[in-house]
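The primary structure of each chain is shown beneath.
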Amino acid sequence: MRAMNRRNSIYVQLLRLLIVSAVAAVAIFVLMDLISTRLIGVYFENNNYEERHNQAYMTKLQNYIDQNHLSSRDAQELNDWVKSQKILYVQIYKDGIRVFDSAYPNEEIWEAEIEATDQEWETIYTLTFSDGTAQVSVVGNYAYQIFIYVYIAEIVICFGIFLLLVLLGIRKRMGYIRKLSQEVEILEGGSLDYPITVKGNDELATLAFGLDSMRKSFQELLNQEAKMVQENQRIVTEMSHDLRTPITSILLYTEILKRGNGKDRQIEYIEKIEKRARRMKQLTDHLFEYSLLTGETKVQMEEPELYEVLFYDLFSETCSYLEQRGFQVEFHVKWLEKKIQISTEYMLRIMDNITSNVLKYADPAYPIVISSAQEEHMAGFSFENHIRKTEETVESTGIGIKSIRNMTLKMKAKCQVEQEGDQFRLTILFPVKYKIEQQA
C-alpha cells in the first residue's frame, strides 16, 4: 500500500491554494488601491476637476431657479434639488445672512441671522433669485464618488484574480484526473500493458497506485491462466500419446490371441495385456488426480500438530512397503520439536505418488534415503534415490511430480526437486506454526 503524507492530502492542498490565492488577491488589491488613490489625487490637482464641476452644478441650479421662479428662501424646493444631485452641500447667503443650508433642510435658519463666514475651502457663486441676487457656497464630494467606483472595480478585479488562481490550481489536478480517466478507459479496452501514471503523493496518487497494482495483478492472473491452459493442453496431448502406446499393444496381443497363433504363449500375452491395462489405469488415475488438483477446490487444513505425530505412521508404512518391494531404506529422520499444519488427505496422495515414482524409476541397488529437512522457518522431509538405468524406455508424463507440486502449493508448502547425474532428491517443506521449547 502506498503511504501518503497528510500534509499532501487533497484537502490540505486545496486549503493551501485558497490561502495563497487570497493572499495574492489582497496584495494586488492593496497595490491597486495605492496606485489608484495616487492617480486620482494627481488628476484632481492638475485638471481643475472640482472647479469645473462646481461651475456646472451652479449653472444647473440657476436654470432650476429660473424655471421655478424660486426665491432664496424657498427651502423645500432648493432642498429637493440638492437631494437629487446626491453629492452636493449647498449654503445660500442673502445680504450677509445665511438663508439656506442643505444640512438643515427643514429649518428656517434665516431667523437665526447667522452671518456669512469666509472659509478657504468654500467657493462662492452669485446667483439670481426672484427676490434678488444671493451668494451660493457649494461643496461637491466628487472625489468620494470616483473613489467608490474605483474601489468597487478593484474588488471585482481582485475577486476575479482570486477565482482565476483557484481555477488554475484546480485545473492542474483536474488534468491529472482526466488523464487517469483516459488510462482507465484504455484498460477497459483490454490493453493491460498500458501503465497507470502515478504522480504526486495525495489521495489521487494513492488511487492511481492502487489501479496500477490491480492492473499488474490482473495481468499476472491472466498470464497464469494462459500458462495453465497451455499446460493442460500439453498434458492432455502427452497423455493421449502415452495412452495410444499401451492401447496399440493391447489390440495387437488380442488380435494374436483371436487368431489362435499364440496358444503356446497365451499366458505371456495375457500378462502383457494386463501390464498395459494397469499402465493405462495408472495414467488415467494420474490425469484425473491432476484435473482435481488444478481445479478451484479449497484444501481443508487441519490443526497444527507435532512433526512426529504427523509423519511417524506415514514414514513407517512407506518404509515397510518399499522394503517389501525389494528396496533398502535408510531412515535418517530427526523428530523435530516443531508444529506444522497439513492436510492428511493430500499427504496420503503425496506419499502414494512418491512410492509410485520410486517403484518406476529408482534403482534397487541403491538405498532409498528418507531424511528430515529444515530451512529458516520451514520444516519437512526429503526422499533421495538413484535413477535406474535400463535399456527399456520408461514412459513418463511428469504428472506425478506436478501433482505433488500442486498439492504442496495448496497447503502453502514448498516442493523442491533436484537431480545431479543419476541422483534424484525430492524435498517438501511446511511453514512452522509453533516451536516447542525443549525441556532442560
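Computed from a predicted structure; not experimentally measured. (Residues numbered from 1 in each chain as written. Predicted model: local features only at pLDDT ≥ 70, side-chain atom pairs only at ≥ 80, totals over all residues. Heavy atoms only, no water.)

Draft legend 1. Representation of the environment of Y366. Here Y366 shows up in the loop between helix 8 (344–361) and strand 8 (368–375). Taking relative accessible area as the criterion, Y366 reaches 36% and is therefore assigned partly exposed. Sequence separation of Y366 and F327 is 39 residues, and the distance between their C-alpha atoms is 7.9 Å. (Helix = DSSP H or I, 4+ residues; strand = E, 2+ residues; numbered from the N terminus. Buried < 20%, exposed > 50% of the residue type's maximum accessible area, 1.4 Å probe, protein only.)

Draft legend 2. Expanded view of the side chain of S36. Structurally, S36 is set in helix 1 (residues 10–46). Leave out the neighbours within four places in its chain, and S36 touches V150 and E154. (Contact = heavy atoms within 4.5 Å.)

Draft legend 3. Molecular detail of helix 9 (residues 399–410). With 12 residues, helix 9 should reach 16 Å at 1.5 Å per residue; the first-to-last C-alpha distance of 16 Å fits that figure. When we look at burial in helix 9, the residues that qualify are I399, G400, S403, I404, N406, M407 and T408. (Expected span 1.5 Å × (residues − 1).)

Draft legend 4. How the structure looks around the UniProt feature "transmembrane region" (unreviewed entry) in the protein. Within the UniProt annotation, "transmembrane region" (unreviewed entry) is assigned to residues 12–32 and 146–170. Between the end C-alpha atoms of residues 12–32 there is a gap of 30 Å, over a span that is 100% helix and 0% strand. Taken end to end, residues 146–170 comprises 100% helix and 0% strand; its first and last C-alpha atoms sit 36 Å apart. (UniProt positions renumbered as here; feature names shortened; annotations may be inferred.)

Draft legend 5. Structural context of the pairing of strand 2 (residues 97–101). Taking burial as the measure, the 5 residues of strand 2 include 4 buried ones, the bulk of the element. Summarising the sheet, strand 1 (residues 88–94) and strand 2 pair through 4 bridges and their orientation is antiparallel. Its bridge partner being in strand 2, K94 is matched across the sheet by I97. (Pairing = 2+ DSSP bridges.)

Draft legend 6. Representation of unusual backbone geometry within the structure. For E376, which is not glycine, the phi torsion reads 50 degrees and is therefore positive. In this fold, E376 is placed in the loop between strand 8 and strand 9 (378–386). Phi is positive for K412, which is not a glycine, with a value near 60 degrees. Following the sequence through the fold, K412 ends up in the loop between helix 9 and strand 10 (414–420). Residue K412 is classed as exposed on the basis of its relative accessible area, which comes to 68%.

Draft legend 7. Looking closely at the pairing of strand 3 (residues 123–129). Sheet topology note: the strand 3/strand 4 (residues 132–140) ladder contains 7 bridges and is antiparallel. Considered in strand 4, the bridge of I124 is made with S137. Between the antiparallel neighbours strand 3 and strand 4 lie 2 residues.

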